[in-house]
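Understanding the architecture of this molecule
The primary structure of each chain is shown beneath.
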Amino acid sequence: MRSARPAGPAEPRRQRRARLGVIMPTRVCCCCSALRPRYKRLVDNIFPEDPKDGLVKADMEKLTFYAVSAPEKLDRIGSYLAERLSRDVVRHRTGYVLIAMEALDQLLMACHSQSIKPFVESFLHMVAKLLESGEPKLQVLGTNSFVKFANIEEDTPSYHRRYDFFVSRFSAMCHSYHSDPEIRTEIRIAGIRGIQGVVRKTVNDELRATIWEPQHMDKIVPSLLFNMQKIEEADSRIGPPPSPSAADKEENPAVLAENCFRELLGRASFGNMNNAVRPVFAHLDHHKLWDPNEFAVHCFKIIMYSIQAQYSHHVIQEILGHLDACKKDSPRVRAGIIQVLLEAVAIAAKGSIGPTVLEVFNTLLKHLRFSVELEANDLQGGSTGNANLNTSSKDSDEKIVQNAIIQTIGFFGSNLPDYQRSEIMMFIMGKVPVFGTSTHTLDISQLGDLGTRRIQIMLLRSLLMVTSGYKAKTIVTALPGSFLDPLLSPSLMEDYELRQLVLEVMHNLMDRHDNRAKLRGIRIIPDVADLKIKREKICRQDTSFMKKNGQQLYRHIYLGCKEEDNVHKNYELLYTSLALITIELANEEVVIDLIRLAIALQDSAIINEDNLPMFHRCGIMALVAAYLNFVSQMIAVPAFCQHVSKVIEIRTMEAPYFLPEHIFRDKCMLPKSLEKHDKNLYFLTNKIAESLGGSGYSVERLSVPYVPQVTDEDRLSRRKSIVDTVSIQVDILPNSIPSDDVVSNTEEITFEALKKAIGKIFAC
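Residues numbered from 1 in each chain as written. Predicted model: local features only at pLDDT ≥ 70, side-chain atom pairs only at ≥ 80, totals over all residues. Heavy atoms only, no water.

1. A few points about the overall build of the protein
Quick note on the threshold: Put simply, DSSP H or I for four residues or longer makes a helix, DSSP E for two residues or longer makes a strand, and each gets a number counted from the N terminus. All accessible-area figures derive from a Shrake-Rupley calculation using a 1.4 Å probe, and residue coverage is judged against the displayed protein chains alone.
Counting its regular elements, the protein contains 35 helices and two strands. If you sum the accessible surface of the protein, you get close to 35600 Å²; carbon and sulfur atoms cover 52% of it.

2. As for the packing of aromatic side chains
To keep things clear, this is the line we draw: Side-chain rings of Phe, Tyr and Trp (the six-membered ring for Trp) are treated as a pair once their centres are within 6.5 Å; stacked means planes under 30 degrees apart, edge-to-face means over 60, and tilted covers the remaining angles. Three exposure classes are used, based on accessible area relative to the maximum for each residue type with a 1.4 Å probe and protein chains only: buried under 20%, partly exposed in between, and exposed over 50%. Over a ring means this: the NZ of a Lys or the CZ of an Arg is within 6 Å of the ring centre and within 35 degrees of the ring normal.
Inspection of the entire model under this criterion finds 18 aromatic pairs. Between Tyr-558 and Tyr-706 the ring centres are 5.6 Å apart and the planes differ by 65°, which places this aromatic pair in the edge-to-face class. Of the two residues, Tyr-558 sits in helix α25 (residues 540–561) while Tyr-706 sits in the loop between α31 (685–693) and α32 (713–716), which places them 148 residues apart along the sequence. Looking at Tyr-706, the relative accessible area reads 6%, which means it is buried. By way of ring pairs, the aromatic residues Phe-146, Phe-149, Tyr-163, Phe-165, Phe-166 and Phe-170 are connected into one cluster. Taking the ring centre of Tyr-177 as reference, the NZ or CZ of Arg-188 above it sits at 5.3 Å.

3. Describing the pattern of salt bridges
To be explicit about the condition: Any Lys or Arg side-chain nitrogen found within 4 Å of a carboxyl oxygen on Asp or Glu counts as a salt bridge.
Evaluated as defined, the whole model comprises 23 salt bridges. Of the charged contacts, one joins Arg-267 and Glu-263 as a salt bridge, the two residues approaching to 3.1 Å between their closest N and O atoms. On the accessibility criterion, Glu-263 (16% relative accessible area) is buried. Several salt bridges share partner residues, and in doing so they unite Arg-87, Asp-88 and Arg-93 into one network.

4. Details of the packing of helix α27 (residues 588–607) against helix α28 (residues 614–635)
The condition that has to hold: Angles here are taken between N-to-C directions and fall from 0 to 180 degrees, while the axes themselves are lines fitted to C-alpha atoms, restricted in helices to the stretch in contact. Every angle not falling under 35 degrees, over 145, or within 65 to 115 is termed oblique; those three ranges are roughly parallel, roughly antiparallel and roughly perpendicular. Each crossing is labelled by how the near helix is turned from the far one, with a counterclockwise turn of less than a right angle marking it left-handed and a clockwise turn marking it right-handed. Contacts: residue pairs with any heavy atoms within 4.5 Å of one another. Any residue outside Ala, Val, Leu, Ile, Met, Phe, Trp, Tyr, Cys, Pro, Asp, Glu, Lys and Arg is labelled polar, Gly included; the first ten of those are nonpolar and the last four are charged.
One way to put it is that α27 packs onto α28 with a least axis distance of 9 Å and a crossing angle of 160°. The angle between the axes of α27 and α28 places the two elements in the roughly antiparallel class. In this structure, the crossing between α27 and α28 has a hand that is left-handed. Across the interface between the two elements, Val-591, Leu-594, Ile-595, Ala-598, Ile-599, Leu-601, Gln-602, Ala-605 and Ile-606 from α27 touch Arg-617, Ile-620, Met-621, Leu-623, Val-624, Tyr-627, Leu-628, Val-631 and Ile-635 from α28. Considered class by class, the residues forming the contact of α27 with α28 number 16 nonpolar, one polar and one charged.

5. Comments concerning the confidence of the model for the protein
Here is the rule: Every residue is assigned a pLDDT by the predictor, reflecting its confidence on a scale from 0 to 100.
When the pLDDT values of the protein are averaged, the result is 80; 78% of them are 70 or greater. This model gives residues 22–32 a pLDDT under 50, and the stretch forms 20 contacts once residues within four places in sequence are excluded. For the stretch residues 232–239, pLDDT sits under 50, and the model shows twelve contacts to residues farther than four places along the chain or on other chains.

6. Here we look at unusual backbone geometry
Leave glycine aside and you will find that most residues have negative phi; peptide bonds, for their part, are mostly trans. With an omega of -5°, the peptide bond between Asp-291 and Pro-292 qualifies as cis. Its location among the elements puts Pro-292 in the loop between α14 (273–286) and α15 (294–306). The backbone phi angle of Lys-288 is positive, close to 55°, even though this residue is not glycine. We note that Asn-611 has phi near 55°; this positive angle belongs to a residue other than glycine. Structurally, Asn-611 can be placed in the loop between α27 and α28.

7. Concerning the packing of helix α10 (residues 181–202) against helix α13 (residues 253–266)
At a minimum axis separation of 10 Å, α10 and α13 run at an interaxial angle of 10°. As summarised for this structure, α10 and α13 are arranged roughly parallel, according to the angle between their axes. Side by side, α10 and α13 meet where Thr-185, Ile-189, Ile-192, Arg-193, Ile-195, Gln-196, Val-199 and Arg-200 of the first sit next to Pro-253, Leu-256, Ala-257, Asn-259, Cys-260, Glu-263 and Leu-264 of the second. Its residues placed into classes, the contact of α10 with α13 shows nine nonpolar, three polar and three charged.

8. Regarding the side chain of Thr-474
As for its position among the elements, Thr-474 is in the loop between α21 (448–467) and α22 (475–478). On the basis of relative accessible area, Thr-474 is assigned to the buried category, the value being 16%. When near neighbours in sequence (up to four residues on either side) are disregarded, Thr-474 contacts Arg-512, Cys-539, Gln-541 and Asp-542.

9. Here's the deal with the environment of Thr-64
Applicable threshold: The term polar contact refers here to a pair of N or O atoms within 3.5 Å; inside protein, the definition further demands a hydrogen-donor-capable atom paired with an acceptor-capable atom, and it admits residues adjacent in sequence only when both atoms are side-chain atoms.
Tracing the sequence through the fold places Thr-64 in helix α4 (residues 57–69). Residues Thr-64 and Val-43 lie 21 residues apart in sequence; the distance between their C-alpha atoms is 9.9 Å. Thr-64 has contacts with Leu-107 and Ala-110, leaving out every residue within four places of it along the chain. Within the structure, Thr-64 has its side chain in polar contact with the backbone oxygen of Met-60 (distance 2.8 Å).

10. Examining the nonpolar core
Worth spelling out the cut-off: Here, nonpolar core means buried Ala, Val, Leu, Ile, Met, Phe, Trp, Tyr and Cys residues that are tied together by side-chain atoms lying within 4.5 Å of each other.
Of all hydrophobic cores here, the largest spans 230 residues; its most connected members are Phe-166, Phe-261, Phe-300, Leu-628, Phe-640, Phe-683 and Leu-692. The dominant element in this core, judged by the number of residues it contributes, is α28, at 15 residues. Each residue touching Leu-692, except ones within four places of it in the same chain, is listed here: Ile-592, Ile-595, Ile-635, Val-637, Phe-640, Tyr-697, Val-699 and Leu-702.

11. Thoughts on helix α6 (residues 94–110)
This is how it is decided: A helix is expected to span 1.5 Å for every residue after the first.
If you check α6, its first and last C-alpha atoms are 24 Å apart, about what 17 residues at 1.5 Å a residue would give, namely 24 Å. Every buried residue belonging to α6 is among Tyr-96, Val-97, Ile-99, Ala-100, Met-101, Ala-103, Leu-104, Asp-105, Leu-107 and Leu-108, and all of these are buried.

12. Regarding the environment of Tyr-66
Position of Tyr-66 among the secondary structure elements: in helix α4. Distance from Tyr-66 to Tyr-39, taken between C-alpha atoms, is 8.0 Å for residues 27 residues apart in sequence. When neighbours within four sequence positions are excluded, Tyr-66 is seen to be in contact with Arg-38, Tyr-39, Leu-42, Lys-73 and Ile-77.

13. Considerations on the environment of Leu-681
Along the polypeptide, Leu-681 turns up in the loop between α30 (660–663) and α31. Spatially, the C-alpha atom of Leu-681 lies 5.9 Å from that of Arg-651, the residues being 30 residues apart in sequence.

14. What about α15?
With 13 residues, α15 ought to run about 18 Å at 1.5 Å a step, and its terminal C-alpha atoms sit 18 Å apart, in line with that. The buried fraction of α15 is high, at eleven of 13 residues.

15. A few points about the state of the cysteines
Our working definition: Two cysteine sulfurs form a disulfide in these notes if their separation is within 2.5 Å.
Applying the stated criterion across every chain yields a total of zero disulfides. Free cysteine: Cys-260, not disulfide-bonded; nearest cysteine sulfur from Cys-174 at 8.1 Å. For Cys-260, a relative accessible area of 2% puts it in the buried group.

16. Overview of the side chain of Arg-421
How we decide: Under the counting rule used here, the positive set is Lys and Arg, the negative set is Asp and Glu, and His together with the chain ends is not counted.
Looking at where Arg-421 falls in the secondary structure, it is placed in helix α20 (residues 418–429). With no salt bridge to any partner, buried Arg-421 finds its closest opposite charge in Asp-418, at an N-O distance of 4.2 Å. If near-sequence neighbours (up to four positions away) are discounted, Arg-421 is found in contact with Gly-413, Ser-414, Leu-416, Val-466, Thr-467, Ser-468, Gly-469 and Tyr-470.

Following this line, the structure appears as structure tokens:
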């Protein structure tokens, strides 16, 4: 037992030091050491007289055995070691500091009891002392010890323990700017490994969620991204980024930070996802990394591949929210964010997108309208000189934004299941503004005519991408009445580009057997069998669709052929429309209607009531020739094929401008008029009826010329009414071939004539 404290002031100095707990020299004499607690003697014995000799292993084994045997002494051992280490750090005795940390590490690894918790507090206090020191070597030493501690699985969690200091300190080390590059890299690696240790130590326990608080994520995530920026080339791979090798993890701060970032995101739960993602936006904004956006794309690829698939929609919602917040930023910044959204959608589309489908499209369409509005305002407000150059630059930048939005909409829509894609098609179609109607839901009050046309084109391009690859079992599913009517309205507008887009959308929905590529290019096909057209027997639902909507389709094709601003592509798309209807939807009755339509187009080109230029008249004649050549071979009626082939042969010799291979070629010679051409150059209704009648077709309707239905759709589409543009013929031309006498004796009743006649009747 320890001797009693002597009375009086004559207490020996050595006894007083022992009583007060003053640290004695490393080696003390035998008589004095007996007065010290055993745990202190064991701790003192592990330190050699010369720190270069390293830890005394034999005495360390004794200390470890004592700690394991008497775990209640662990807290005192830890406190005493902490005292020694604090003293040595202040006195810059680095050798003894290394020995103390080595002893702490060994004790920590050896002891796994309830009493280890107070010891851990002393351990963390010592690690904090090392991290606070200005010595890089000690900072790295403290980090290594903390990483070892982080890998230890404790039996019970300690809810009162916090790691705020370590998060702040490790984050600061990640931003080290030491003058020596090697030391700087070493400190940054230590900081990243420390953050990784904090993450591993805290995220496994759901009750200890302090690490996910915004104040911690705002330090951790930017520190990792700061080091990831050192990657020389942004990731452009389609698949998930591969895991880095062990050597790269240890030597390269960028690779180590990326690996830690993946691990952090992989451990994020439903409630913590937003806190982990939002600092990414702040970092990209602060460092202006949206333009160029290679690093931003790289970051979000890592995010999308690292998080759990069911949380993908959270990330997409965050990107959409940030896009809304940056609506007033430069076009290139917005385009960069949209391209990041495209990459995120591309990955999320393979898994779970969740309830954000309509939100994605609604937000994108809103920004599309906003971009078009900015573009229109710039064009209207532009002036001469340098202002014009700036306006042109902004205009091209806004087009980058618009193209990025369309690409994102198209890719997102094309990866949705069919039932969702149908809803998106209706959603986009409902946004397309049509003059004279208020059915669209997009605000165009600030756009003007130029902006409205631009938004129409953008929306139809988006719709075109969404419908790409869409395969419906029946045409009713692909083109329901609620979708067909608004889709066909823009096909009558006085804008050839809009009409092209409408036809291309229809082709996407009609072509259920991938035949469109075989029909590309309006031409006279020598043998249609060589195309290997795929088709199936027309089902009852398709037959019903044509009975209900066939006349509407014919009417739009007929009027589309007679537009004055048609170009080569318009005629090519109109020809493809006729061919696809023949392949996908044509029974005998539909074939007769299509032939009537073709003959009516031929008659309209000859009579030319619309005063079309000669190129357009010859273009219509060429389209009719190409289609009748196609349909005659599809229905395989020999007499019909023979008549069509004969007319084409005569045209080749006498009127090549009536054939698509010639009229759509540059510098084609055009005739001055069509009225005096030989009737052998035209397809004759009586001969077609005779050839089809001999094969069992009901040809009575061929004798009735096709006249399109009169509706209000032209007025709604800002186009002259059909009553204004198509004269009603009183006399039917024999064989549909005009002669000079017939044309001169034909009475035409136009809208103006009817109006005057009705006025006279009421006057009487």
